[in-house]
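Okay, here's what each chain looks like letter by letter:
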Amino acid sequence: MTAGGLPRGRATLVAGGPGCGKTLFALEFLMNGAVQFDEPGVFVTFEETPKDLELNVRSLGYDLARLVKTRRIAIEYIRVERAEIEETGEYDLEALFIRLDDALRSVKGKRIVLDTVESLFGGLADGGILRAELRRLFGWLKERNITAVITGEKGDKTLTRQGLEEYISDCVIALDHRVIDQISTRRLRVVKYRGSSHGTNEYPFLIDRDGIAVLPVTSLQLQHTASNDHISTGLRWLDRMFDNRGYLEGSSILISGSAGTGKTSIAGHFVDAACRRGLRALSFTFEESPAQYTRNMGSIGINLSRWIKKGLLRVHAARPTLYGLEAHLATMHRDIDQFKPAVVVVDPLSSLGGGTVGEIHATLIRLVDYLKTQQITAVFTHLISGTGAAAGLNKDIEVGVSSLMDTWILLRNTPGRGGDRQLLIIKSRGMSHAADEQRFRITSGGLAADEVPGALTAATRIRKD
């Protein structure tokens, strides 16, 4: 996002409203610097005591007390009580500079955090003095080549309360915590970065047990490679419909249909076949718990529990309303990055609502692009309205879901034919595939179909370039 990180030896302003993650952002910057890059630092707090800070970050897995004890981080608590401030005579920060210099020397600090800078100037009414002392503070840090993160509170009509810090900072990062339709989403934006190119879009981020997780989803580009290898669908008769080879590896497959047409079952066969080959699989389900999912698959002869026990399959279950739309995407990114699967299933894609048509489409583009970049074969199920032979496209599909996919399979119920369903391959880019509908049944032994008649001939197959 920043093309390399924050500006070394200069000040970065992190601004935002309450609860958006400013203090945590600053603490991660300081602690990761001390642990990963051998750059000790000082955390200057005007609102929280050292004990409060240690307790607050402990729940996120950070041992701040240990870093303080080993002199990797120093915490300087400066109590500023606005009710006890009376403005008289000249005002300057000379005493603060002495304390900061002493704290930096105590740990040989190279980084510093000031949280929050407004606390220093809350009792001042003279804008001229305020502006001059802010410039002195930033200049004092730059003279000592200290990399600084300074947090600031959001103003009414300006980025910060004073409206000055953003102009004298070399880098400005805005954090936002918004609630839309009772769903919370946090976003981050690099407002400016002097002397460097940087991403300018908003990026969703999460605060969870691992701290801050950010996914630069809007920076992905069409630079992924394309494989000519194939992976089995898990169903022999369905493989035959794909020129006897199955899906292309690293491709995205959409399985759409109305309720009860077998979308989850086809995806389950695909996961089972991948695990049989020793490949890791990650399934995101938004309607069933992991126990319910594995039980239901067992009823049609697919034993997924064994793959979970062997560590080849991981099932991530969450209600769509648990996060915002892009926060779900950030969660998926983190799980994929940690587990490193070869195949991914998202079931059903249609549950990821909570946004406008444009937001849903943008999120799906980011998800598909990320999976393609990682060369992960992905199967998405999508619920569409309608029943029987009339089930088909609707306005939900028209948001562009199908255009993002390499392969699109449409399922329909067949009324009056003993539970038969119909499967039609609408498209499959880059490979031959059957053009006719195929009837199949859901049985206790899996999805069964009449044998696909003969090898694929010129009359029964089409080519998608």
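The structure presented is a predicted model; accordingly, all values stated were derived computationally and were not measured.

Peer 1: Talk me through the overall build of the chain; I want residue IDs and the actual numbers.
Peer 2: Looking only at helices and strands, the chain features 14 helices and 22 strands. Among the 465 residues that make up the chain, the fraction classed as buried is 53%. Sequence separation of 24 or more characterises 71% of the internal contacts of the chain that already satisfy a separation of 6 or more.

Peer 1: Just give me the short version of helix 2 (residues 50-58), but keep the residues and values in it.
Peer 2: Buried within helix 2 we find Leu 53, Glu 54 and Val 57. Looking straight down helix 2, one finds that the buried residues subtend no more than 95 degrees of arc, so they occupy a single side. Opposite the packed face of helix 2, turned more than 90 degrees from it, sit the exposed residues Lys 51 and Arg 58.

Peer 1: Please provide a residue-by-residue account of the pairing of strand 18 (residues 421-428), values included.
Peer 2: Among the 8 residues that make up strand 18, 7 are buried, leaving the element largely enclosed by the rest of the structure. Where strand 17 (residues 407-413) lies against strand 18, 7 bridges are found, and the strand directions are antiparallel. Bridge assignment links Arg 412 to a residue of strand 18, and that residue is Gln 422.

Peer 1: Give a description of the pairing of strand 21 (residues 446-449) that names residues and reports values.
Peer 2: Within a regular strand, side chains alternate between the sheet's two faces. Relative to strand 21, strand 20 (residues 438-443) runs antiparallel, the two sharing 4 bridges. Within strand 21, the position partnered with Arg 441 by the bridge is Ala 448. Linking two consecutive strands that pair antiparallel, namely strand 20 and strand 21, is a turn of 2 residues.

Peer 1: Describe the environment of Val 343, listing the residues and the values that go with them.
Peer 2: Among the structural elements, Val 343 can be located in strand 15 (residues 343-347). The sequence separation of Val 343 and Ala 378 amounts to 35 residues, and the corresponding C-alpha distance is 5.7 Å. In this view, Val 343 contacts Ile 231, Phe 270, Ala 274, Arg 280, Ala 281, Leu 282, Ile 376 and Thr 377; residues no more than four positions away in its chain are not counted.

Peer 1: Which residues make up unusual backbone geometry, and what are the values?
Peer 2: With an omega of -10 degrees, the peptide bond between Asp 115 and Thr 116 qualifies as cis. Despite not being glycine, Asp 38 has its phi angle at roughly 55 degrees, a positive value. Within the element layout of this structure, Asp 38 appears in the loop between helix 1 (22-36) and strand 2 (41-45). A positive phi is found at Lys 108, a non-glycine position, where the angle reads about 55 degrees. Inspection of the secondary structure puts Lys 108 in the loop between helix 4 (94-107) and strand 4 (111-115).

Peer 1: A description of the environment of Tyr 293 should follow, citing residues and the corresponding values.
Peer 2: Note that Tyr 293 resides in helix 10 (residues 290-298). Judged by its relative accessible area of 1%, Tyr 293 is buried. For Tyr 293 and Ala 317, which are 24 residues apart along the polypeptide, the C-alpha to C-alpha distance reads 9.3 Å. When neighbours within four sequence positions are excluded, Tyr 293 is seen to be in contact with Thr 264, Gly 268, Ser 283, Glu 288, Leu 304 and Val 315.

Peer 1: Describe the sheet that holds strand 16 (residues 377-383), with residues and values.
Peer 2: Within a sheet, neighbouring strands are paired by backbone hydrogen bonds and run either parallel or antiparallel to one another. An order of 14-13-15-16-12-17-18-20-21 is seen for the 9 strands of this open sheet, with the pairing classed as mixed. A single partner strand is all that each edge strand has here, and the edge strands are strand 14 (313-317) and strand 21. On average, adjacent strands in this sheet sit at an angle of 25 degrees to one another, irrespective of strand direction. Of the strands in this sheet, strand 12 (252-257), strand 13 (281-285), strand 14, strand 15, strand 16, strand 17, strand 18 and strand 21 are in contact with helix 9 (residues 263-276), which crosses strand 16 at around 165 degrees.

Peer 1: Describe in detail the pattern of salt bridges, supporting the description with residues and values.
Peer 2: Considering all chains together, one arrives at 19 salt bridges under this definition. Across the salt bridge formed by Asp 170 and Arg 10, the nearest N and O atoms sit 3.7 Å from each other. One end of the pair, Asp 170, is in the loop between helix 7 (165-168) and strand 6 (171-180); the other, Arg 10, is in the segment before strand 1 (11-16), and 160 residues separate them in sequence. Judged by its relative accessible area of 5%, Asp 170 falls in the buried class. In this structure, Asp 63 and Arg 66 form a salt bridge, with 3.8 Å as the shortest nitrogen-oxygen distance. Classification of Asp 63 by relative accessible area gives partly exposed; the value is 41%.

Peer 1: I'd like a rundown of helix 1, residues and numbers included.
Peer 2: Counted at 1.5 Å a residue, the expected span for helix 1 with its 15 residues is 21 Å, and the 21 Å between its end C-alpha atoms agrees. Here helix 1 lies mainly inside the structure; 11 of its 15 residues are buried. Those residues of helix 1 that sit buried are Lys 22, Leu 24, Phe 25, Ala 26, Leu 27, Glu 28, Phe 29, Leu 30, Met 31, Gly 33 and Ala 34. Positive backbone phi, at 55 degrees, marks Asp 38, one or two positions downstream of helix 1.

Peer 1: Can you tell me about the side chain of Thr 261, naming the residues and giving the values?
Peer 2: Considering the arrangement of structural elements, one finds Thr 261 in the loop between strand 12 and helix 9. Among the polar contacts made by the side chain of Thr 261, one reaches the main-chain carbonyl oxygen of Ser 258 at a distance of 2.8 Å. Once residues lying within four places of it in the same chain are set aside, the contact partners of Thr 261 are Leu 411, Arg 412, Asn 413, Arg 421 and Phe 440.

Peer 1: For the packing of aromatic side chains, give the residues involved together with the corresponding values.
Peer 2: Inspection of every chain in the model, using the stated rule, returns 4 aromatic pairs. Aromatic side chains Trp 237 and Phe 440 sit 5.6 Å apart centroid to centroid with 25 degrees between the ring planes, which places their arrangement in the stacked category. You can see Trp 237 sitting in helix 8 (residues 236-241) and its partner Phe 440 sitting in strand 20, a full 203 residues away along the chain. Relative to Phe 270, the ring of Tyr 247 has its centre 5.6 Å away and its plane inclined at 65 degrees; by these criteria the two rings are edge-to-face. Placement of Tyr 247 in strand 11 (residues 247-248) and of Phe 270 in helix 9 is noted, with a sequence separation of 23 residues between them. One aromatic cluster is present, formed by Phe 242, Tyr 247 and Phe 270 through successive ring pairs. Over the ring of Phe 339 we find Arg 280; its NZ or CZ atom is 4.9 Å from the centre of that ring.

Parameters at a glance
Residues numbered from 1 in each chain as written. Predicted model: local features only at pLDDT ≥ 70, side-chain atom pairs only at ≥ 80, totals over all residues. Heavy atoms only, no water. Helix = DSSP H or I, 4+ residues; strand = E, 2+ residues; numbered from the N terminus. Buried < 20%, exposed > 50% of the residue type's maximum accessible area, 1.4 Å probe, protein only. Contact = heavy atoms within 4.5 Å. Arc of directions from axis to C-beta. Pairing = 2+ DSSP bridges. Axes fitted to C-alpha atoms, helices over the stretch in contact; angles between N-to-C directions. Salt bridge = Lys/Arg side-chain N within 4 Å of Asp/Glu carboxyl O. Expected span 1.5 Å × (residues − 1). Polar contact = N/O pair within 3.5 Å; in protein donor to acceptor, adjacent residues only side chain to side chain. Phe/Tyr/Trp six-rings, centres within 6.5 Å; stacked < 30°, edge-to-face > 60°. Lys NZ or Arg CZ within 6 Å of the ring centre and 35° of its normal.

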